[in-house]
Amino acid sequence: MRIAVTGAAGRLGGRVVQLLADRADVDVVAMTRRKLPAEALPPQVEAAVADYADPPALRAALKGVDTLVFISSDGPDARVLLHHRNVVAAVAAERVGHVAALSSVDADMASPFCYAVVNRLTEDLLLASGVPCSFARASLYVEFFQAWLTEARVTGLLRLPAADGRISLVARDDVARALAALAVGEPTGRHHDITGPESLDLAGIASITAQAWGTPVTYVNIPADTYSAETAATSLDPWWLYAFSSMFASVREQRWDRVRNDYAQLIGRSPLALRDVLSGARRPPG
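About the cut-offs
Residues numbered from 1 in each chain as written. Predicted model: local features only at pLDDT ≥ 70, side-chain atom pairs only at ≥ 80, totals over all residues. Heavy atoms only, no water. Helix = DSSP H or I, 4+ residues; strand = E, 2+ residues; numbered from the N terminus. Rg over C-alpha atoms; globule rule 2.2 N^0.38 Å. Areas by Shrake-Rupley, 256 points an atom, 1.4 Å probe, with all protein chains shown as cover. Lys, Arg positive; Asp, Glu negative; His and termini not counted. Charge placed at Lys NZ, Arg CZ, Asp CG, Glu CD. Phe/Tyr/Trp six-rings, centres within 6.5 Å; stacked < 30°, edge-to-face > 60°. Buried < 20%, exposed > 50% of the residue type's maximum accessible area, 1.4 Å probe, protein only. Lys NZ or Arg CZ within 6 Å of the ring centre and 35° of its normal. Core = buried A, V, L, I, M, F, W, Y, C linked by side-chain atoms within 4.5 Å. Contact = heavy atoms within 4.5 Å. Salt bridge = Lys/Arg side-chain N within 4 Å of Asp/Glu carboxyl O.

Participant: Quick rundown of the overall build of the protein chain? Include the residues and the values.
Facilitator: Along its length, the protein chain carries 11 helices and 11 strands. Compactness check: the protein chain gives a C-alpha radius of gyration of 19 Å against a globular reference of 19 Å for 286 residues, within 12% of the reference. Projected onto its principal axes, the C-alpha positions of the protein chain cover 55 × 40 × 35 Å. When the accessible area of the protein chain is evaluated, it comes to approximately 12600 Å², of which 53% is carbon and sulfur surface. Averaged over its 28 positive side-chain charges, the protein chain has a centre that lies 2 Å from the centre of its 31 negative ones.

Participant: Break down the packing of aromatic side chains for me, citing the residues and quoting the values.
Facilitator: Enumeration over the complete set of coordinates arrives at 13 aromatic pairs. Between Tyr 115 and Trp 240 the ring centres are 6.3 Å apart and the planes differ by 40 degrees, which places this aromatic pair in the tilted class. One end of the pair, Tyr 115, is in helix 4 (residues 114–129); the other, Trp 240, is in helix 9 (residues 238–252), and 125 residues separate them in sequence. With a relative accessible area of 14%, Tyr 115 lands in the buried category. The exposure class assigned to Trp 240 is partly exposed, which follows from its relative accessible area of 30%. An aromatic cluster is defined as three or more aromatic residues linked by ring pairs; in this entry it consists of Phe 113, Tyr 115, Phe 144, Phe 145, Trp 148, Tyr 227, Trp 239, Trp 240, Tyr 242, Phe 244, Phe 248 and Trp 256. A cation over a ring is seen here: Arg 153 above Trp 213, with NZ or CZ 4.4 Å from the ring centre.

Participant: Any chance you could break down the nonpolar core for me, citing the residues and the numbers?
Facilitator: If you look at the biggest cluster of nonpolar residues, it comprises 42 residues, and the most contacted ones within it are Phe 145, Trp 148, Leu 158, Leu 160, Leu 202 and Phe 248. For this core, the secondary-structure elements that each account for two or more residues are helix 4, helix 5 (142–155), strand 7 (157–160), helix 7 (202–213), helix 9 and helix 11 (274–278). Counting residues per element, this core draws most heavily on helix 9, at seven residues. Counting 31 residues, the second largest nonpolar core, distinct from the first, contains Ala 8, Val 175, Ala 176 and Tyr 263.

Participant: Break down the environment of Arg 23 for me, citing the residues and quoting the values.
Facilitator: Among the structural elements, Arg 23 can be located in the loop between helix 1 (11–21) and strand 2 (27–32). C-alpha separation for the pair Arg 23 and Ile 71, spaced 48 residues apart in sequence, amounts to 20 Å.

Participant: Quick rundown of the side chain of Ser 103? Include the residues and the values.
Facilitator: Note on placement: Ser 103 falls in strand 5 (residues 98–104). With residues near it in sequence (within four places) discarded, Ser 103 still touches Asn 119, Glu 123, Ala 136, Arg 137 and Ala 138.

Participant: Can you lay out the pattern of salt bridges for me, pointing to particular residues and giving the numbers?
Facilitator: By the definition in use, this model includes 16 salt bridges. Among the ionic contacts, a cluster of salt bridges with common partners joins Asp 106, Asp 108, Glu 253 and Arg 255.

This is the structure in structure tokens:
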């Protein structure tokens, strides 16, 4: 089986490449926007330079591919959607037999979160293309959220506009494992919610962070406009300020308050908990 992975230079895509490369029955094509040093990929992996914005390169990279693991592009939502349209068109043109696509738990046109809308539109594009698909709808990554937790470790305060919203934070490695498992299986034609084992409000997240790191951390709910003003003062790119603000709006609407056993059904074991990731717990290989 020949499996290509987009975004292979990223942390998630790179981990999927590693997991697939360990299988003797899979030939892996790592698709990246720029050429990588030879040592950046496992020696048995084929590299293909194919920017999301380059349709001919995408088609060339997908020739002879049985399955594509479709990791999302990044940046402003309009650009991401254009990139995703290019990938879907290339997949259809090259008659790829299966797409295992990354999406999000909050994939909904009614969501205030900009990427939730993009993810739902991307799912619809793939379904309309007629290409057999499987979707991994991931919750928010622990590692992504950890930037705010690291700041709180220093200040003692987790100051975010999340109100009483709950989130089932999931380890990035578990999302990679779910995508790899979907890629080597038959298309399921549906979405799989890849969540953490528990849904926590921000006070609970702060409490577990304090215990795992041995540092007092208290959650303080702040108004959305306060968050925007304070974050803007840090010189964060305006796009990411908007993206984060819209994400917290979706958290306040309880759109990430979901715990499912889809991961266990795919992998045969439970996903890592927030405490495990923060404390650096390692599970046995495999």
